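Descriptive structure summary
The lines below spell out each chain.
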Amino acid sequence: MSAQTAANKAGQCIKEGNLWLLKMDVENFFDSIDHSILLGLIEKEINEKPVVRLISKLLKTRIFKEMGLFDNLTGSQQGSGLSPLLSNIYLHPLDVIMWRMFKDKYIRYSDDIAIFCNEKETLEKARQTVEACLAELKLKPHPAKTVISHVAGGIVYLGFFMDTRGKGPGTKAIEQLHESLKQYDKVKKTDNVRTIIVDIKTKIRGWYNYYNTLKPISPPNILSLIALAQLTGELGENRNVRELVRQSGNFQHKHPQISFLLGELFRIPEACGMLHKARPVRFC
């Protein structure tokens, strides 16, 4: 139903002692959907020929790429409102077979397939079954993304790092956010700092809504630090604002609005106790 639901279910499988994971992705999934197979699966469920004809027309809508219009002979266009539904219908035969074999230890989010088990040999057979099912649908697994691994060594699933101790944001997800925040390294005196910080908070909040934590975020500049501290305070985590206030002295700046915003952070009760311990902010 959502990436977070799938990740939570994966965590539950691990807690139940299923420490072996088969992870597979379908190669070029959305571009490889066979229209005839898909329409046949739809016709099995509904007896409404006008609806089937409409879906057929939508699938074959000409697409614009490389400065020209091309007939869409296979696939379902990613980004369209209908695409998620059609992709789930297309992979339903696979779901039926794998559910019979593994019940809720089988998880599929879009074309990302995960099967948890307590025996590696069982997953070797499961891999062959998945490959056979995909072949019937004129699909094939992505060879570089097909792997059987043990949870003890840590796994990454839908952006989450998981092991026997729990789950949290994966290293790649943390690095990507950090890189996106580095674009705010330079601040001009003419910049509207408050507007920029609102943009940064929107970015960090989206990350938080997915991973439900701010702790791994290390602000690379003063604007990111202020945005992170403000958001942390808004979430009622004033104790964590204290450490961010302490780090503010590590960044130089020339903007008067920044000094004012830092002063607002110092007024947070939990942070006030750290004011005399924080390094002084250096002005250039």
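Overview of the structure. Computed from a predicted model, the values in this text were never measured in an experiment.

The rules we used
- Residues numbered from 1 in each chain as written.
- Predicted model: local features only at pLDDT ≥ 70, side-chain atom pairs only at ≥ 80, totals over all residues.
- Heavy atoms only, no water.
- Axes fitted to C-alpha atoms, helices over the stretch in contact; angles between N-to-C directions.
- Helix = DSSP H or I, 4+ residues; strand = E, 2+ residues; numbered from the N terminus.
- Parallel < 35°, antiparallel > 145°, perpendicular 65-115°, else oblique.
- Left-handed = near helix turned anticlockwise from the far one by under 90°.
- Contact = heavy atoms within 4.5 Å.
- Expected span 1.5 Å × (residues − 1).
- Buried < 20%, exposed > 50% of the residue type's maximum accessible area, 1.4 Å probe, protein only.
- Arc of directions from axis to C-beta.
- Phe/Tyr/Trp six-rings, centres within 6.5 Å; stacked < 30°, edge-to-face > 60°.

So, about the packing of helix H10 (residues 222–234) against helix H12 (residues 256–266). In helix packing, the relevant descriptors are the interaxial angle and the interaxial distance, both defined with respect to the helix axes. Contact pair H10 / H12: the axes reach a minimum separation of 11 Å and the direction vectors enclose 30°. Here H10 lies roughly parallel to H12, going by the angle between them. Judged by the twist between their axes, the crossing of H10 over H12 is left-handed. Of the residues in H12, those in contact with Ile-222, Leu-223, Ile-226, Ala-229 and Gln-230 of H10 are Ile-258, Leu-261, Leu-262 and Leu-265.

What follows concerns helix H1 (residues 3–15). The terminal C-alpha atoms of H1 lie 19 Å apart, and with 13 residues this matches the ideal 18 Å at 1.5 Å per residue to within 8%. Within the sequence span of H1, burial applies to Ala-3, Ala-6, Ala-7, Ala-10, Gly-11, Cys-13 and Ile-14. For H1, the angular spread of buried residues about the axis comes to 155°, placing them on one side. Tucked into the core, H1 has its buried residues touching strand E4 (106–109), strand E5 (112–117), strand E7 (155–157), strand E8 (160–163), strand E9 (166–169) and helix H9 (193–211). Within two residues after H1, Gly-17 carries a phi angle of roughly 95°, on the positive side.

All told, the structure shown has five aromatic pairs when counted by the stated rule. Between Phe-160 and Tyr-210, the ring centres sit 5.3 Å apart and the planes meet at 25°, which makes this aromatic pair stacked. Separated by 50 residues along the polypeptide, Phe-160 in strand E8 and Tyr-210 in helix H9 bring together distant segments of the chain. Residue Phe-160 is classed as buried on the basis of its relative accessible area of 3%. With centroids separated by 4.7 Å and ring planes inclined at 45°, the aromatic side chains of Trp-207 and Tyr-211 adopt a geometry described as tilted.

Nothing here speaks to function; it is all geometry.
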